[in-house]
Amino acid sequence: MTCVKCQDGAWQRDFESDLKWGAGLANSTLRCVRDELPRWARWLSDRGRCWHRVTRCDLVNWMSDALACQAPKTVDKRIWVLRRLYRWATLEGLVDEDPWRRIVRPVNPPQWQPRYVPTRSQVMDLLEQPDTRTLKGIRDRAILELLYGAGLRASELISLNMHQVSAGLEDGCIQVMGKGQRERLVIYGKHAAYWLRHYMKEARWALLRKAGTVEQFFVNDTPSGELTYPVLRRTVKRYAGAAGMPLVTAHALRHAFATHLYQNGANLRVIQMLLGHAMLQTTTVYARACTEHLRGLIERHHPRGELYTPLPTLRERWLLPLKEAT
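Draft legend 1. Spotlight on the packing of aromatic side chains. Taken as a whole and assessed by the stated rule, the structure comprises ten aromatic pairs. Each ring, one from Trp40 and one from Trp62, has its centre 5.8 Å from the other, and the planes form 80°; the classification is edge-to-face. Of the two residues, Trp40 is situated in helix H3 (residues 27-46) and Trp62 in helix H4 (residues 56-69); the sequence distance between them amounts to 22 residues. One exposure class covers both Trp40 and Trp62, and it is buried. Between Phe217 and Phe218, the ring centres sit 4.8 Å apart and the planes meet at 80°, which makes this aromatic pair edge-to-face. Relative accessible area serves as the criterion here: at 0%, Phe217 is assigned to the buried category.

Structural data, given as structure tokens:
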């Protein structure tokens, strides 16, 4: 039986408030916290445990249950929330000791790798999928162009305001707030600029007929007028399926942006700056993602490659037309 201190939920509200106003975390991170805390409370309640009396054994059992039904990457995010919770509770004097202190993190965790990175021709095919004769088609084409042309995160694209885009439309740049409240300048090319202007001039005001004035740049034809993440996810998935690439997501276009830059000779430091990564090590995964591309070049062009086809020598190029003439 859990105590009153667990049932009133004040600890959840206080923790979320500290993350929002004290740490200044992004709304997408706060949504993850709001999803995880009730699940953690239910797990404890089912076992008659109190959140402020959790032991190392409880955490080990919870991780075991979580890993049995979820991917390690998902469990890592849930662990981050609970680590942050008990660090805050320890500083606030709500628990006697942080139970995570006795659980050692792996020294060399598995390196994350992009699951699937579309090729340049596949991305070009994807960009052609929206029907630009319709209002939503114009909006969706602008979204896809900006996701691929600037390497934006989905959360950064959704949170764009009208003044952010219009202020940098002439220069082809947008000032965005990324992870950890880090501000950066996002650069995009002429194709994205064309569709952004076209969307602002032809589609945005018409999509807002039901909602009126909305600060958000990309809008929807709903009473609220807001473009939410689920709508964006379904939109990209629908076009990716039509292009024959069911694994492509909004974040996969960010991977493609970085990978294609690296394949065409861009410096990793520049890519780090454009993506807004705090550490260069995070950016180097895109260099490793190009290994298959480089291996394919070797197999096609090296004399020991399996797909190597010898090119005709200069002498053969001259003699072949003479033989055909005779």
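Draft legend 2. Focus on the nonpolar core. Formed by 47 residues in total, the largest nonpolar core has its most connected members in Leu126, Leu146, Leu160, Tyr188, Leu196, Tyr199 and Phe218. Elements with a contribution of two residues or more to this core: helix H6 (120-127), helix H7 (135-150), helix H8 (154-158), strand S1 (173-177), helix H10 (190-207), helix H11 (229-242) and helix H12 (250-263). Residue contributions to this core peak at eight residues, all from H7. Other than its neighbours up to four places away in sequence, Leu146 contacts Gly151, Leu152, Leu157, Leu160, Ile174, Tyr188, Leu196 and Phe218. Listed in part, the 27 residues of the second largest apolar core include Trp11, Trp40, Ile79 and Val81.

Draft legend 3. Focus on the confidence of the model for the chain. Of all residues in the chain, 87% attain a pLDDT of 70 or more, and the chain-wide mean is 84. Mean pLDDT per element in the chain: helix H17 (residues 314-325) is the minimum at 56, and H7 is the maximum at 95.

Draft legend 4. Structural context of the pattern of salt bridges. Across all of its chains, the model carries 14 salt bridges by this definition. We note a salt bridge from Arg49 to Asp58, for which the minimum N-O separation is 2.9 Å. What makes Asp58 buried here is its relative accessible area of 10%. Linking Arg153 and Glu156 is a salt bridge whose minimum nitrogen-to-oxygen distance equals 2.6 Å.

Quick notes on the rules
Residues numbered from 1 in each chain as written. Predicted model: local features only at pLDDT ≥ 70, side-chain atom pairs only at ≥ 80, totals over all residues. Heavy atoms only, no water. Phe/Tyr/Trp six-rings, centres within 6.5 Å; stacked < 30°, edge-to-face > 60°. Helix = DSSP H or I, 4+ residues; strand = E, 2+ residues; numbered from the N terminus. Buried < 20%, exposed > 50% of the residue type's maximum accessible area, 1.4 Å probe, protein only. Core = buried A, V, L, I, M, F, W, Y, C linked by side-chain atoms within 4.5 Å. Contact = heavy atoms within 4.5 Å. pLDDT = per-residue confidence, 0-100. Salt bridge = Lys/Arg side-chain N within 4 Å of Asp/Glu carboxyl O.

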